[in-house]
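Here are the chains, one letter per residue:
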There are 2 protein chains.
Amino acid sequence: MSYKAPLDDMNFLLNQVFNVEKSLGEIDNFAEFDSNLYGAILEEAAKFSENVLFPLNRTGDEEGCLFEDGKVTTPKGFKEAYQEFCQAGWQGSNGDPEFGGQGLPKALHVLVEEMIYSANTSFCLYPSLTNGAYHAIHAHASDDLKQTYLPPMLEGRWAGAMGLTEPHAGSDLGIIKSKAEDNGDGTFKINGTKIFITGGEHDLSENIIHLVLAKLPGAPDGPKGISLFLVPKIKVNADGSLGEANQVTCGSIEHKMGIKASSTCVMNFDNSEGYLVGKENRGLFAMFTMMNLERLSIGIQGIGLGETSYQLAKAYAEERKQGKNASGETATIIQHADVRRMLMQQRANTEPGRALAVFMGMQIDKQYFHSDENVRNQSAGIMALLTPIAKAFFTDKGYEACNHGVQVLGGHGFVREWGLEQLIRDAKIAQIYEGTNGIQAQDLLVRKVCLDKAGLLEHLAELIKQDLALDSCSELASKYKTQLESSLVEFTDTATWLKQEFAARSYEVQGGAVDFLHAAGYLVYGWMWLKMVAALESSEDSVLKARKLAAAQYYLEHQFGSLSLHCEKVKTGYRALMSLDNETI
Amino acid sequence: MSYKAPLDDMNFLLNQVFNVEKSLGEIDNFAEFDSNLYGAILEEAAKFSENVLFPLNRTGDEEGCLFEDGKVTTPKGFKEAYQEFCQAGWQGSNGDPEFGGQGLPKALHVLVEEMIYSANTSFCLYPSLTNGAYHAIHAHASDDLKQTYLPPMLEGRWAGAMGLTEPHAGSDLGIIKSKAEDNGDGTFKINGTKIFITGGEHDLSENIIHLVLAKLPGAPDGPKGISLFLVPKIKVNADGSLGEANQVTCGSIEHKMGIKASSTCVMNFDNSEGYLVGKENRGLFAMFTMMNLERLSIGIQGIGLGETSYQLAKAYAEERKQGKNASGETATIIQHADVRRMLMQQRANTEPGRALAVFMGMQIDKQYFHSDENVRNQSAGIMALLTPIAKAFFTDKGYEACNHGVQVLGGHGFVREWGLEQLIRDAKIAQIYEGTNGIQAQDLLVRKVCLDKAGLLEHLAELIKQDLALDSCSELASKYKTQLESSLVEFTDTATWLKQEFAARSYEVQGGAVDFLHAAGYLVYGWMWLKMVAALESSEDSVLKARKLAAAQYYLEHQFGSLSLHCEKVKTGYRALMSLDNETI
């Protein structure tokens with residue numbers, strides 16, 4: 001049982017579907033890169049993921065992280081793998097060249113991330129959090145802080161962590177209690193306890209840079225009184241060398257359902273020294289810069305785990321003999337209809353997710369680096385709309401895929417030995433952290449649709465309509481266009497209905513938020529499939545072509561239609577549910 | 001966080017919905033029992049489940065079973081709880097009084113089982129397997145074997161286990177390799193290795209009675225050449241006392257995703273002494289007597305875990321403060337629409353499952369004990385049809401409910417401390433063992449519908465139509481009747497389509513088996529809700545009434561409609577999927 005990165009599909013997306021070389025080539029930062037370079041990088045990432053990270057996935061799960069005397073030890077092999085990861089420059093691949101990064105586009109980086117999540121989700125979380133912290137510092141911190149902290153973070157010598165949640169404050173960050181006091185010398189005293197801090201403490205890097213939300217004295221109540229601070233585990237001297245410890249201690253680690261090789265820490269800040277990032281009381285705003293990137297990243301966790309589950313389940317199904325096939329001969333179980341259905345359903349939902357991740361990566365590249373402000377704004381808008389959809393739908397479908405993988409193996413899927421059940425346990429958290437999928441659905445329905453004044457959904461509809469005019473002649477592409485067109489109408493009608501109802505009864509209609517998000521997910525997956533189907537017409541890779549057309553057809557026949565049911569459920573309106581007293585729930 | 005048995009709902013089902021006292025009262029075996037007795041028994045089972053079993057649930061999961069030198073040690077407290085279970089007579093509650101059982105109806109027993117699964121699924125599996133083995137022996141073994149083995153099994157002094165699966169043979173039992181040889185003295189030599197044997201070895205009982213499938217020399221190939229043998233772990237002397245060990249050894253136990261306090265064993269039979277149960281080569285037939293009861297039992301595991309997840313999640317949601325409510329005040333999360341939706345969805349699917357379990361319990365009681373052969377046959381027919389639906393739909397919906405429970409708690413659901421994630425892990429296996437849910441769906445579609453000559457589905461439709469004529473005047477009941485009537489038409493049309501297509505392309509249409517089963521599940525759940533809604537009209541318990549009507553309304557508005565989508569998916573036909581070569585899957 002091994003993981004093999006789906007390089008053929010990844011290169012197909014970069015080159016045939018999105019032509020990333022050309023479309024990002026018009027941005028100065030990426031003008032020098034070409035598809036050969038992209039292909040070579042994917043190949044290196046594949047080797048590292050397949051040969052170094054995947055073999056540590058099950059052992060990491062079995063061993064877990066160890067907590068003793070305030071120290072966290074990662075499982076055997078993680079330290080060496082992390083060294084190798086850093087030395088190969090992976091931590092800086094998407095980073096700003098000014099601080100030592102390679103400045104590769106996000107459109108490529110999402111695929112590298114997918115492979116790492118596929119091979120070893122627990123491992124992936126350490127660099128992924130560093131990456132998120134890097135982006136928040138890069139976007140909001142002073143030049144001094146950037147010069148001091150970003151280069152070692154891009155090397156991976158220093159890792160990053162996000163300190164948001166407190167025991168009483170999770171989804172509702174407005175009520176945090178951690179406090180910051182101005183020392184008057186450019187530093188602040190930070191006090192408080194944070195929980196559920198991924199990578200809050202570990203033995204992989206020399207230092208850990210915590211981004212911590214805290215309240216300054218006299219700050220307004222609620223989300224508008226929260227500031228963001230950079231708090232290193234070890235203080236940094238003026239010359240960038242490490243100084244004394246900063247009273248940032250790990251109180252314990254959580255024992256969890258999955259991602260056991262990723263440390264989830266209770267962190268205590270005890271008069272720790274910190275630095276303000278961004279403006280006073282604008283901490284949530286600064287944090288959300290990073291959160292959107294992290295949300296896409298966590299979405300990709302879902303895609304990666306779905307892909308791995310598919311690969312392991314398919315390998316088993318091709319070997320395992322059980323029952324007879326249609327000709328009465330002993331069958332491998334991949335010949336049985338229901339096993340085929342489950343495997344194909346995994347792939348039919350993983351592949352459009354991957355395509356959407358690349359599409360979103362390109363939007364991020366444009367949002368940050370395009371010379372035309374209109375393009376930047378449009379890309380930011382499309383990202384605002386797609387981020388909650390991607391985070392929640394990628395992970396819901398990824399979790400579904402991991403469950404199908406176990407089901408393909410039957411009893412062998414439930415025992416630890418085969419590694420399939422671990423994927424369920426590792427995928428579960430992706431539906432929860434970085435904002436639960438329920439919170440994502442609320443964000444989509446309330447902020448991105450009902451209260452939106454920027455026409456986000458109209459813009460998405462425009463993009464989809466452009467592709468309805470795609471020049472393609474296959475029967476499957478025509479069928480997709482017909483279905484996508486009517487699905488778009490159904491979805492936008494539902495959105496219009498929601499907007500109308502929202503003013504009078506916003507709390508009620510939020511009962512349909514998750515269904516609305518799922519409808520949106522089926523819509524954009526259908527859109528991605530159309531793009532892929534159209535691009536396949538000129539593909540010369542007959543194996544890839546046959547495989548992708550098969551999954552596209554499956555999606556069209558057996559998945560796309562779910563959109564209607566979700567739209568209908570949204571329109572039921574949830575009046576009765578919201579009128580009940582708590583006891584009656 | 002504690003579990004409280006839903007006695008109000010259970011008594012409502014027994015007394016108001018099904019009037020079990022009256023409808024089973026016409027059967028001699030149950031003529032003496034009344035609803036006071038049933039209520040008292042439920043209350044005792046509740047106390048035992050809440051106070052003895054539930055407190056051992058998390059510790060059992062943390063500790064797991066220990067395997068050393070061929071011996072299996074169950075977690076701390078399990079032995080004492082098992083003693084108490086036996087002393088209170090629970091093992092024999094549903095057993096034949098001729099062998100020391102109490103002869104209580106299955107309609108009651110399903111509710112007792114539910115409580116035990118709710119409180120501690122791992123524990124429940126030990127007596128549940130004994131119960132299954134008891135029934136197979138009772139139905140098929142010689143009087144001698146019955147006199148020797150059944151009384152201590154009904155006391156729980158001897159436990160039972162089922163030896164079916166082998167390393168290469170799971171769903172396909174026709175290819176097993178275990179061998180039996182006639183010793184010529186009424187005993188047989190049994191050789192072979194069985195895997196995934198629940199309760200194959202443990203420290204709870206004095207003896208373990210294995211029912212083992214094996215092949216006699218010269219037996220026909222495939223399922224028609226398999227015989228069933230009773231193989232005790234320790235031989236039994238003529239006077240019923242324990243003799244020498246029978247070379248039945250445990251080779252190892254599995255490390256699993258869940259049900260960690262239930263031993264899952266590799267069992268080696270090495271010239272072990274066994275006794276034929278039933279006729280030569282008719283072993284699968286005898287085993288299936290037990291399998292249908294076990295399948296219902298495993299279905300109930302899904303209901304029980306869904307109930308527990310609901311209770312724990314609701315308790316958390318009533319305490320946890322986060323965000324604001326519609327009036328702008330600090331809210332407990334139960335006030336948020338999406339949390340309400342998840343909690344209500346748990347209950348909307350758990351409660352009709354419980355009702356169907358009682359209904360099926362009554363059918364079993366009639367099937368075995370009714371004086372009228374027609375009634376016996378009709379009940380057997382309805383059980384044949386409902387068993388795969390119950391096993392798969394109860395457990396799919398139970399798994400969904402456990403996932404919703406975790407989601408309600410967010411990050412706290414993912415850490416072990418709160419106990420919610422264990423419920424997912426414990427529920428997962430119920431979708432797999434006793435025939436995967438895919439196999440159940442195939443059984444329903446192929447054997448119970450497409451190849452059925454007994455009119456099983458027509459009989460179910462008759463029963464449903466009778467209830468469409470129920471005397472009830474509430475608006476909700478009317479809406480249910482309308483929806484149930486059209487759903488029944490839609491479902492039977494789909495079944496008719498399947499039968500027509502099946503002859504020409506049976507392998508293709510099996511791609512829709514799981515969707516067909518889910519459509520059936522939504523149909524019978526809607527039917528059960530109608531029965532409950534009608535019975536509520538005369539209920540005087542205002543709290544129960546309000547709660548159940550709320551869940552009924554939720555099911556009608558937000559769940560019942562899923563039936564159509566599943567029917568549509570069945571009719572897509574899966575031609576394209578089945579035409580692909582393996583590589584393209």
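In short, a report on the structure. If you're wondering where the values come from, they're calculated on a predicted model, not measured in any experiment.

Further remarks concern the packing of helix H15 (residues 456–468) of chain A against helix H16 (residues 475–509) of chain A. Residue and element names in this part refer to chain A. Contact pair H15 / H16: the axes reach a minimum separation of 10 Å and the direction vectors enclose 170°. It follows from the interaxial angle that H15 and H16 lie roughly antiparallel. Between H15 and H16, the residues in contact are Leu457, Ala461, Ile464 and Leu468 and Lys481, Leu484, Glu485, Leu488, Thr492 and Ala495, respectively. Of the residues assigned to the contact of H15 with H16, the class counts are seven nonpolar, one polar and two charged.

For the match of chain A to chain B, the screw axis carries a shift of 0.0 Å, the RMSD comes to 0.0 Å, and the turn is 180°. Taken together, the rotation and translation describe the operation of a two-fold axis. Identified as the residue of chain A closest to the rotation axis by C-alpha distance is A:Leu565, at 3.5 Å. When the interface residues of chain A are mapped onto chain B, 100% of them are again interface residues, pointing to one common binding face.

Here the focus is helix H8 (residues 143–155) of chain A. Since the α-helix turns once every 3.6 residues, residues separated by three or four places project in the same direction. All names here are of chain A. Between its first and last C-alpha atoms H8 spans 18 Å; for 13 residues at 1.5 Å apiece the expected length is 18 Å, and the two agree. At tyrosine 149, H8 is deflected by roughly 35°, the largest bend along its length, and proline proline 151 occurs up to four residues later in sequence. Of the positions making up H8, those classed as buried are Thr148, Tyr149, Leu150, Pro152, Met153 and Leu154. Against the buried residues of H8 lie helix H7 (121–140), strand S3 (158–163), strand S6 (207–214), strand S7 (227–232) and strand S8 (234–236).

Residue and element names in this part refer to chain B. Given a rise of 1.5 Å per residue, 37 residues ought to cover 54 Å, and the 54 Å separating the end C-alpha atoms of helix H9 (residues 283–319) matches this to within 8%. Along H9, the sharpest kink reaches roughly 30°, centred on threonine 289. Extensive coverage of H9 is indicated by the burial of 31 of its 37 residues.

Residues and elements named next belong to chain A. Tracing the backbone through its elements, the reader meets glycine 398 in helix H11 (residues 373–409). Look at glycine 398 and you get buried, because 32 C-beta atoms sit within 10 Å. Setting aside anything within four residues of it in sequence, one finds glycine 398 in contact with Gly302, Ile303, Leu305, Gly306, Ala427 and Ala430.

A few words now on unusual backbone geometry. Phi is positive for A:Tyr574, close to 60°, though the residue is something other than glycine. Position of A:Tyr574 among the secondary structure elements: in the loop between helix H19 (562–572) and helix H20 (575–579). Overall, the presence of 26 C-beta atoms within 10 Å leaves A:Tyr574 in the buried class. Non-glycine residue B:Phe196 carries a positive phi angle of around 55°.

Moving on: the interface of chain A and chain B. At the junction of the two partners, chain A supplies 66 residues and chain B supplies 66 residues. No other element matches the seven residues that helix H18 (residues 542–558) of chain A contributes to the side of chain A that touches chain B. Classifying every residue of the side of chain A that touches chain B gives 27 nonpolar, 23 polar and 16 charged.

Right, let's get into the packing of H11(A) against helix H13 (residues 420–428) of chain A. Residues and elements named next belong to chain A. Running from amino to carboxyl end, H11 crosses H13 at an angle of 165°, the nearest separation of the two axes being 9 Å. Here H11 is positioned roughly antiparallel relative to H13, judged by the angle of their axes. Like other packed secondary-structure pairs, H11 and H13 cross with a definite hand, here left-handed. Every residue of H13 that contacts H11 at Gly398, Tyr399, Cys402, Asn403, Gly405, Val406 and Leu409 is listed here: Leu420, Glu421, Leu423, Ile424, Ala427 and Lys428. When grouped by side-chain class, the residues that make up the contact of H11 with H13 number eight nonpolar, three polar and two charged.

The rules we used
Residues numbered from 1 in each chain as written. Chains lettered and ligands numbered in written order. Predicted model: local features only at pLDDT ≥ 70, side-chain atom pairs only at ≥ 80, totals over all residues. Axes fitted to C-alpha atoms, helices over the stretch in contact; angles between N-to-C directions. Helix = DSSP H or I, 4+ residues; strand = E, 2+ residues; numbered from the N terminus. Parallel < 35°, antiparallel > 145°, perpendicular 65-115°, else oblique. Contact = placed C-beta atoms within 7 Å. Nonpolar A, V, L, I, M, F, W, Y, C, P; charged D, E, K, R; others polar. Least-squares fit on C-alpha atoms with pLDDT ≥ 70 in both. Expected span 1.5 Å × (residues − 1). Bend = angle between axes of the 7 residues up to and from the residue. Buried ≥ 20, exposed ≤ 12 C-beta atoms within 10 Å, placed from the backbone. Left-handed = near helix turned anticlockwise from the far one by under 90°.

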